[in-house]
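# Fold and geometry: a report
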Amino acid sequence: MKNQIALENIFQRYGLYICILLSFILYGNTIGHRFSLDDEYVVNNDRVKKGIGSIPEIFTSYYSGNESEQYGYRPLARAMFAVEYDLFGKNTRAFHIINVILYGILCWLLLLSLRRIRAAVPFTVSVLAVMLFLFHPVHTEVVNSLKNREELLCFILSLLSLFCFFRFSERRNGLWLLPAGILIFAAFLAKETAMVFVLLIPLYLFTAGAGLPRVMIAAAVSFAFVIFAFKLPGMILPPAESHVEVWQNPLFGNKGFWERLSMGSLTLAHYSLLLLFPLRLLFYYGYNTIPLESFWSLLPLLSFIIHLILILGSIFYFRRNKTLAFGLLFYFFAVSMFSNIYMPITGIVGDRLVFVASAGFCIVLAYLLLKLSSLPSARKVTFIMIPVLFILYGYRTVERNNDWKSAESLFEADIPHLYHSAKANDLYASWNFEKANMLMASGKTSSDATALIEKATLHFKRVTEIYPGYYTAWNNLGGIYLNFYKDTANALFAFRSAVNANPDHVPSRHNMGYIMYKAGKNTEAKKEFNAVLEADSNYLPTLFSYGELLTTEQNFDSAEILFLKVYRQDSLHTGALLNLGSIYITRTDTPKALKFFEPAIRKDRSNKALIMNIYNYYKQKGDTVKSNYYRKIAGQ
């Protein structure tokens, strides 16, 4: 008893400092890390880099957006990084230090939240649980990845909301409901994970002994503010648009109830094993890392039965063993949102998705370890087991941190273990492809660029082996064959495979048409180009290539229409400018031709013959200013 009081006094006085110190011991080697995977969503983008002035824009824009889709609303972490850019500039060290500090603060708040239910969860269990949580390697993605600052903020704000609900319950003062609601609202703006606290907040209050009316009021208020946060983007932003694909999760292929239940059971089994044995941590899972099986297969059925027994046991035996029941229900409530049962999850599973739920797991583990240590026959073994567990967790955490130094180091560490992940191989292939293009654009044709292209080819092929319907991978593979290997046969096969997988994929249809056009097969090329323009009448590459094809057939009127469409989209498109100028030359309309030739020359002075023709034209007209200008840039 004296030892417990001493322990409680230590953590009451120094708990925050202990948690932050341990966070730096475990994550101190992350401070020198650079930007990594997906950081462009939250921190490494032009909007956030504008600083505090961009905050209104951040709060009135979607989380992710491009030409084809825009979705998500998580402005809080991005706004925080905008402030940090004003304070520290592009200083990734400062960003990572703040992540580590936030992690320490979160662990301290988690300890305080468990102290509020000490009648159900003894303080020794709380301390051990929080230390296990702090050391657990599954959290490396959240702390290392600046993008996942949103997870830290969401959990912190949700716990602060919980404290306000505690005040409401204990003091029976309804005024505390407003700050409680505002905080859970803010947590949702950090990340939608706050939704799980609609279940966790009533669980905490019920465990603390609050009456059913106050529990229900807290549940209703938290739900109302979360729903308001959920509806907010639709009130202030244009309609969201997002596309989901089977390679993200096989359930996106409109599978039925039994398939969803099977994947949910497999997901829960994965998370249980990941928390028990956090050896293989990966940046992305997706199709086909967890193959979908029949629900009546051994693993899904066994997982379902085990988890059902644990859930029902937690409910029915709650009053007999509140500590164990609270930990289990905490885990199940938190993980339920990411179980693939309610809705399919992008990526199927993810290390970061079990972040909140892992707190419940650590409570259960701490309880079982301390229960074991109370048995005389197992006391010595347990006293050895607990320090060894912390050493193993700590070592794995520090080791995993090294993988997160950059996107490159993360790819190189994880790809050997992601042989069955279509999306992970696509990400790695695309990364190599883009890096090779950057080297080529800088004028380098080194062996490094060649090696990168070979890696990209290998992994794009692997993507199509895992999932033949991955049309963007086929299209990228075709682009490599066409542009780097000059292999039109394999390029055409790849583009045709992309179109077979998705007949509406415009880039692949255009590329097929382009190959036909260059091969002199104009009829086939026109068929593909027309199909593209039916789907997207303003698709610039097809407008230009189709215009060139029509020019070779001397169908200048139709070509002019297409080149003018290109010009309206891009007034400095050199190819369109030169072609339009040439068309007007054939009509002996030199002044109109110069309207297009001159901006083309200002952009690209490599066409010396054209420059000299313009020089001669102005010389004959007696315009010495312009003739001298063009003679000068021609180098005469």
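My aim in this report is to walk through the structure given alongside it, one point at a time.

## Here we look at the overall build of the chain
Looking only at helices and strands, the chain features 29 helices and 2 strands. Based on the C-alpha atoms only, the size of the chain along its principal axes is roughly 105 × 55 × 45 Å. Looking at the chain as a whole, 53% of its 636 residues qualify as buried. Here the contacts in the chain between residues at least 6 apart in sequence split such that 69% fall between residues at least 24 apart. When the accessible surface of the chain is totalled, it reaches about 29,400 Å², and 60% of it is carbon and sulfur. When the 61 positive and 45 negative side-chain charges of the chain are each reduced to one mean point, those points stand 9 Å apart.

## Notes on the nonpolar core
In terms of nonpolar packing, the biggest core is built from 142 residues, with Leu132, Phe133 and Phe155 touching the most fellow members. Among the elements that make up this core, the one with the highest residue count is helix 8 (residues 149-171) (13 residues). Beyond its immediate sequence surroundings of up to four residues, Leu132 is in contact with Cys362, Leu365, Ala366, Leu369, Leu389, Phe390 and Tyr393. If you look at the next biggest cluster of nonpolar residues, it comprises 64 residues, including Tyr481, Ala525, Phe563 and Phe596.

## As for a nonpolar patch on the surface
A cluster of nonpolar side chains, contributed by Leu308, Leu312, Ile315, Phe316 and Tyr317, occupies part of the molecular surface with about 510 Å² of accessible area. Within the secondary structure, Ile315 is located in helix 13 (residues 298-316).

## Examining the pattern of salt bridges
Applying the stated rule across the entire model yields 19 salt bridges. Between Glu57 and Lys50 there is a salt bridge, with its nearest N and O atoms 3.3 Å apart. For Lys50, a relative accessible area of 52% corresponds to the exposed category. Salt-bridge contacts for Arg462 lead to Glu465; the nearest nitrogen and oxygen are separated by 3.1 Å. With a gap of 3 residues between them, Arg462 and Glu465 both fall in helix 19 (residues 447-466), about one helical turn apart. Assessed through its relative accessible area of 14%, Arg462 is described here as buried. Residue class for Glu465 comes out exposed when judged on its relative accessible area of 52%. Overlapping salt bridges, with partners in common, bring together Arg74, Lys147, Glu150 and Glu192 in one network.

## Structural notes on unusual backbone geometry
Here the residue pair Tyr287 and Asn288 is connected by a cis peptide bond, since its omega of 15° sits within 30 degrees of zero. Summarising the element assignment, Asn288 is placed in the loop between helix 12 (257-276) and helix 13. Phi at Asn340 is positive, roughly 70°, even though this residue is not glycine. Structurally, Asn340 can be placed in the loop between helix 14 (322-336) and helix 15 (357-373). With a phi angle near 55°, Thr588 is a residue other than glycine that sits in the positive phi range. Residue classification places Thr588 among the exposed residues on the basis of a relative accessible area of 70%.

## A look at empty space enclosed by the protein
If you walk through the whole model with that rule in mind, you get 1 cavity of 30 Å³ or more. In this structure, the largest cavity encloses a volume near 50 Å³. Lining the largest cavity, in full, are Leu282, Phe283, Tyr284, Tyr285, Thr346, Gly347, Val349, Gly350, Asp351 and Arg352. Looking at the lining of the largest cavity, its residues break down into 5 nonpolar, 3 polar and 2 charged.

## Thoughts on helix 8
Between its terminal C-alpha atoms helix 8 stretches 33 Å, which fits the 33 Å expected from 23 residues at 1.5 Å a residue. Of all 23 residues in helix 8, 19 are buried, a share of seventy percent or more. Two residues or fewer after helix 8 comes Arg172, characterised by a positive phi angle close to 50°.

## Structural notes on the environment of Asp403
Within the secondary structure, Asp403 sits in helix 16 (residues 379-403). Expressed as a C-alpha distance, the spacing of Asp403 and Leu110, which sit 293 residues apart in the sequence, is 27 Å. The residues touching Asp403, leaving out its near neighbours within four places in the chain, are Ser409, Leu410 and Ala413.

Criteria and cut-off values
- Residues numbered from 1 in each chain as written.
- Predicted model: local features only at pLDDT ≥ 70, side-chain atom pairs only at ≥ 80, totals over all residues.
- Heavy atoms only, no water.
- Helix = DSSP H or I, 4+ residues; strand = E, 2+ residues; numbered from the N terminus.
- Buried < 20%, exposed > 50% of the residue type's maximum accessible area, 1.4 Å probe, protein only.
- Contact = heavy atoms within 4.5 Å.
- Areas by Shrake-Rupley, 256 points an atom, 1.4 Å probe, with all protein chains shown as cover.
- Lys, Arg positive; Asp, Glu negative; His and termini not counted.
- Charge placed at Lys NZ, Arg CZ, Asp CG, Glu CD.
- Core = buried A, V, L, I, M, F, W, Y, C linked by side-chain atoms within 4.5 Å.
- Patch = residues over 30% accessible without salt bridge, like charges linked within 9 Å, V, L, I, M, F, W, Y side chains within 5 Å.
- Salt bridge = Lys/Arg side-chain N within 4 Å of Asp/Glu carboxyl O.
- 1 Å grid on protein atoms, 1.4 Å probe; cavity = no way out; pocket = protein on both sides within 12 Å on 5 of 7 lines; lining within 4 Å.
- Points joined across faces, edges and corners; volume = space filled by probe spheres on them.
- Nonpolar A, V, L, I, M, F, W, Y, C, P; charged D, E, K, R; others polar.
- Expected span 1.5 Å × (residues − 1).

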